[in-house]
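Here are the chains, one letter per residue:
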Amino acid sequence: MMAAPASDATLTVSGITKTFGGLTAVSRASLTVAPGSVHGLIGPNGAGKSTVIGIISGFIRPFQGDVRFAGKSLGALGPAEIARLGLARTFQQATPIAGLTTLENVMVGMHVHYHASVGAVLLRLPAMRREARAHEATARRVLDEFELGADVDADAADLPFGKLRFLEMARAITMRPRILLLDEPAAGLNATETLRLEAIIRAQAALGTAILLVDHDVPFVFRLANEVTVMNFGSVIASGSPDDVYRNKAVREAYLGPARDAEATP
Amino acid sequence: MRELRLGLVETATLCLVAAMVIGAAFFGSRLVLYNLTIIALFATVVISLNLLLGLAGQASFAQTAFMAIGGYGLAILSKTFQVNPWLAIAVAVLVSLVLALLIGRVLLRLRGHYLSMGTLALALGTFSFVNASTITNGGWGISGVPPLLIGSFSFRDPVAFLILAWALCGASLLVYRLLGTSHVGRAWRALSTRQDVSATLGIDVPRYKLIALMIASVMATLAGALYVSFTRFVGPDLYDIAQVINLMFMLFVGGLRSTVGPIVGAAFVILVPQFGAGLERYQNLVFFLLLLLVILLRPTGLFGRTRGTRARKNVLPPWTLRFRGGAR
């Protein structure tokens, strides 16, 4: 789908802590996402999963701990700088940019790959035109792959829910990220759509992207993840292979619960 | 790029404007030449505002401040210090760029109302300053500003100035479109509605806002300087609060993010009060009623995109729907 990202991209989160007021959202959480793998992050509501994503992507500053990526600390960087290092994320609620078409939403996601300066744009230099044409073609191709080809000219904000989710994915993936953070990408999708999403995530991991997948749909995460971390009340209570985590007693008691066994079978 | 696509109506209007300017250059009376020149210069400022507010979503009221730098820069340097007027304009542009850089660093970090209030304070401060300072000759202003010359050719000739003014307007429009239809314009439009998401996509939001402010400041400075060169006079009244509001009217009547909107908006605000001349003291009332009518019937402006139902839903109060026969 996309050119293979560089493979030195390992995301290391070590001992991050964040409190909001008196509430500890995340407490000394650590995890590692290797290139080409899917790392599942699960936990009940309010476990701190979204805060972890917020910290990694630069929206939230941790009190303690560090996030490192490709040998760099992301601690002092803002979201835009982190994005330019090769990190893409999706949001729990799809975030189409209203007023831009579906195609433009994806093209704006390729912003970091536009190198033409303001001067080159004003002079419409050949290199600038080539770049613009190439990127537009890529965006159209990705939208076709995501079955959004018929909606390229629609205002993105007018798309129905399911399509918005895929637009959100398309925009993130077209950034050619080395790390991809997915915040509940399957929420609200039907079975067919979830399968399509699974295939997209697998394909992206196969390209060498390190993927952190947060979702409530436990079977979905277990099917995809090479590794799973479980959080509860802000702390990591288990991590390891899906099988190990599935058998972990603390996890079953704290999160999956005896009544949900059948549903959680990988 | 749907929003910036030139529709049939806009293309036709652009051609009509061009035809009128060319026709006026040959057959125009002094009044027609005067009005068309003033329209071109105000349209240029409105184009700068369209870039800043329409594309990048930064509600700046500071464009009159940049016009003042252009106007007073030209007047003071060329009259008081006998600097070549072209050089004076170049210096004014540099001063504006520095000011844009400075206020950009401070004000563009502010959002929404705070940015508006900050730039409004700058506009009011500019008026107070030029009204009080001795170097600007206070409320008297500066008259007898030397003409622009190329060799022995003088732009005192109204037809030559008409062409100069429209060349500036056309160039500004070209810059607006070339940037607007590129990834730069896309980044502006993205950050104008979703700053947070734009940052996630790797857009350096403060830097892009600053670029918009600087380009807009150059346009406003040039237009401000040419205005003063044209009328040979600069005074504080050109930059008072009414002017700030006029610019906003011009932009919104023409239509945010439309290409010909600024020209039509400027023409509307400049010409309509003249047609009401027989109405004497009700002149302004007629103007404001017409303005209100435009805003009620076409909330996205005369050339705004009607397909933007979203914008309309937000702009139009619900009771006005009845006027439109219940249509969306």
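Relevant structure appears above.
Quick summary incoming for the structure in this document. (Residues numbered from 1 in each chain as written. Chains lettered and ligands numbered in written order. Predicted model: local features only at pLDDT ≥ 70, side-chain atom pairs only at ≥ 80, totals over all residues. Heavy atoms only, no water.)

1. Some remarks on the pairing of strand 7 (residues 179-183) of chain A
Residues and elements named next belong to chain A. With five of five residues buried, strand 7 is to be regarded as a mostly interior element. In strand 7, alternate side chains face the same way, and those of Ile179, Leu181 and Asp183 on one face and Leu180 and Leu182 on the other are all buried. Bridge analysis of strand 6 (residues 87-89) against strand 7 gives three bridges, and the strand direction is parallel. What sits directly across from Ala88, in strand 7, is Leu180. As paired strands, strand 7 and strand 8 (residues 210-214) are joined by five bridges and run parallel to one another. Directly across from Ile179, in strand 8, lies its bridge partner Ala210. With respect to chirality, the unit in which strand 7 leads through helix 7 (residues 191-206) into the neighbouring parallel strand 8 is right-handed. (Buried < 20%, exposed > 50% of the residue type's maximum accessible area, 1.4 Å probe, protein only. Helix = DSSP H or I, 4+ residues; strand = E, 2+ residues; numbered from the N terminus. Pairing = 2+ DSSP bridges. Right-handed = clockwise from strand over helix to strand, strands pointing away.)

2. Quick notes on the pattern of salt bridges
When the charged atoms of two side chains with opposite charge come close together, those side chains can pair. Residues and elements named next belong to chain A. In this structure the tally under the stated criterion is ten salt bridges over all chains. The closest approach of N and O atoms between Asp66 and Arg68, which form a salt bridge, is 3.5 Å. Measuring nitrogen to oxygen at the nearest pair gives 4.0 Å for the salt bridge that ties Asp183 to Arg89. On the criterion of sequence distance, the pair formed by Asp183 in strand 7 and Arg89 in strand 6 is long-range, its members being 94 residues apart. Classification of Asp183 as buried rests on a relative accessible area of 3%. A network of salt bridges, in which partner residues are shared, links Glu198, Arg202 and Arg223. (Salt bridge = Lys/Arg side-chain N within 4 Å of Asp/Glu carboxyl O.)

3. Looking at the interface of chain A and chain B
Interface extent is often summarised as the accessible area lost during association of the parts. Facing 35 residues of chain A, the contacting portion of chain B comprises 30 residues. Here chain A packs against chain B, burying approximately 2,800 Å² in sum over the two surfaces, 62% of which is carbon and sulfur. Of all residues in chain A, Glu104, His111 and Leu122 of chain A bury the most surface against chain B, accounting for 19% of the area lost on that side. Summed over the shared surface of chain A and chain B, the result is one salt bridge. One salt bridge connects Glu104 of chain A with Arg189 of chain B, and the closest N-O pair in it is separated by 3.0 Å. (Contact = heavy atoms within 4.5 Å. Buried area = accessible area lost by both parts, 1.4 Å probe.)

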